[in-house]
Amino acid sequence: MSDFEIKACPEIWQSLGVDVERFDKARRMLGETYGKIFLSQKNRPQGMAYFDGMIAELHSGRIKELLAAKEQGRPVIGTFCVYIPEEIVIAAGGICVGLCGGSQGSIPDAEKVLPRNICPMVKSVYGFKAGRICPYFEAVDFVCGETTCDAKKKTWELLDRLIPTYVMEIPQCKKPRGIALWLDEVKAFKTKVEEAAGKAITEADLAAAIKVMNNKRKALQRLNSLRHCKPSPISGKDSLLIEQIAFYDEPIRFTKQLNILCDELEQRVQAGIAVVPANAVRVMMAGTPMALPNWKIHNIVESAGAVIVNDESCIGTRYFKDLIDESVTGMDKMLAALTDRYKNIDCSCFTPNNERVSQVIKEFRDSQAQGIINCSLQFCHTYNIEEVKIREACEQEGIPCMFIESDYSQEDVGQLRTRVEAFIEQLGG
Ligand code: BJ8
């Protein structure tokens, strides 16, 4: 179908202590899957070539960049949650890479230690490190976890035995004393990053980093608005891919390339050019994030002839819908403004979390979708339980909604395909 290949770099993997033989097999399989899912799409925007290139360089070029940064004394920090303030890392001259696991391949390594009945994302993360099958994990100086869900916060204790794991305490409620604790945690994280960088972050450093991240989030907002056009000028699969690449690419380069793509998408909108037929059913996804390379549900939905026009998740809008106020000056006030932006992220780990319910309805309306597929990773209690409120709100608003609970395995694909096809048919597809 395609001769796409994710480039190999065995000398570097070896020097990092990666299990080269095993990792190389995974690399080949991933390249094949990528070719089938992404390169088989017809009429893709030309600007996707950059993002295809980022996947081709996933395990080579970008790893080399991280190692070159480390040589210059810049810290490279791995994260697992959008609550970790990337601006602080960038302000210190460092690099932040998202290490959330979206692969079934590392789960058997995790299940040797962790219980089977926890979220696949957490198991995938732990398995990547335990099995030494992720060059990113081997390239970072340390990782930063957080106290969001129970599966994560207890796994960090075990992960710390394999790699230095710093943990940010995220409150459970957004009361003033919770926000005050959060601000303290942001300050402590700043100190930790400054120690790793061997330099103090100045107000000018932080202001510049806030701008970099705001610009990146604005470009992602722009992509999201373009997806909302009818017909959507880009597929949901490609949009998801871009959102996933946002977590490991160099932010200034990423922003520039995404804006170039958005210029092209604007022209496509004017010309009425789309990847799918104009009458394709429009679906919005909501729920737990889909970390690279989890393309399972998007592939099922779009293979059934629908187009996904919005991702209400941490890989999607929760990552980029809010910006930091750039007009604020003075380190203390800037850190407070930063905390203020992060507290608007409406993860189901918070209680209460009614903002998310309203946000889901708002995004449904904005995206001109016809139905919502609310997804939860298996054993994610917070999103699973919050499904009740999402379903009630959809019923009240007359919005067709289906709920999927799944993991990274292929075992339920046939059954999911049948359910998704029936839902799309119900929406008029
Ligand atoms: S802000 S959604 S990135 S915690 S899916 S590991 S919650 S059991 S990923 Fe998340 Fe931050 Fe929240 Fe977003 Fe736990 Fe649920 Fe697994 Fe989750």
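Conventions and cut-offs
- Residues numbered from 1 in each chain as written.
- Predicted model: local features only at pLDDT ≥ 70, side-chain atom pairs only at ≥ 80, totals over all residues.
- Heavy atoms only, no water.
- Near = heavy atom within 4 Å.
- Nonpolar A, V, L, I, M, F, W, Y, C, P; charged D, E, K, R; others polar.
- Phe/Tyr/Trp six-rings, centres within 6.5 Å; stacked < 30°, edge-to-face > 60°.
- Helix = DSSP H or I, 4+ residues; strand = E, 2+ residues; numbered from the N terminus.
- Buried < 20%, exposed > 50% of the residue type's maximum accessible area, 1.4 Å probe, protein only.
- Pairing = 2+ DSSP bridges.
- Right-handed = clockwise from strand over helix to strand, strands pointing away.
- Axes fitted to C-alpha atoms, helices over the stretch in contact; angles between N-to-C directions.
- Contact = heavy atoms within 4.5 Å.

**What to know about the site of the ligand**
Working step 1: If you check the shell around the ligand, you find 17 residues, and the closest are Cys81, Cys149, Cys314, Cys347 and Cys380.
Working step 2: Per-class residue counts for the shell around the ligand are 14 nonpolar, 2 polar and 1 charged.

**Considerations on the packing of aromatic side chains**
The relative placement of two aromatic rings is captured by the distance of their centres and the angle of their planes.
Working step 1: Overall, the coordinates contain 15 aromatic pairs when judged by the stated rule.
Working step 2: On the basis of an interplanar angle of 35° and a centroid distance of 4.7 Å, the ring pair of phenylalanine 4 and tyrosine 34 is categorised as tilted. With phenylalanine 4 in the segment before α1 (10-16) and tyrosine 34 in helix α2 (residues 20-39), the pair connects residues that are 30 residues apart, well separated along the chain.
Working step 3: Note on tyrosine 34: relative accessible area 0%, which makes it buried.

**So, the pairing of strand β8 (residues 401-406)**
Working step 1: The alternating pattern of β8 places Met402, Ile404 and Ser406 on a buried face, while none of Cys401, Phe403 and Glu405, on the opposite face, is buried.
Working step 2: Where strand β7 (residues 371-377) meets β8, 6 bridges bridge the pair, whose relative direction is parallel. Paired with cysteine 375 across the two strands is isoleucine 404, which belongs to β8.
Working step 3: Note on the crossover from β7 through helix α18 (residues 381-397) to β8: the handedness is right-handed.

**Structural notes on the sheet that holds strand β6 (residues 307-312)**
Working step 1: Within the open sheet, the 4 strands sit side by side as β6-β5-β7-β8. Their pairing is parallel. Strands with a single pairing partner mark the edges of an open sheet, and in this sheet they are β6 and β8. Averaged over all adjacent pairs, the angle separating strand axes in this sheet is 25°, with direction ignored.
Working step 2: Together, β5 (282-287), β7 and β8 form the strand contacts of α18, whose direction differs from that of β7 by roughly 170°.
Working step 3: This element, helix α19 (residues 413-426), spans β7 and β8 of the sheet and lies at about 170° to β8.

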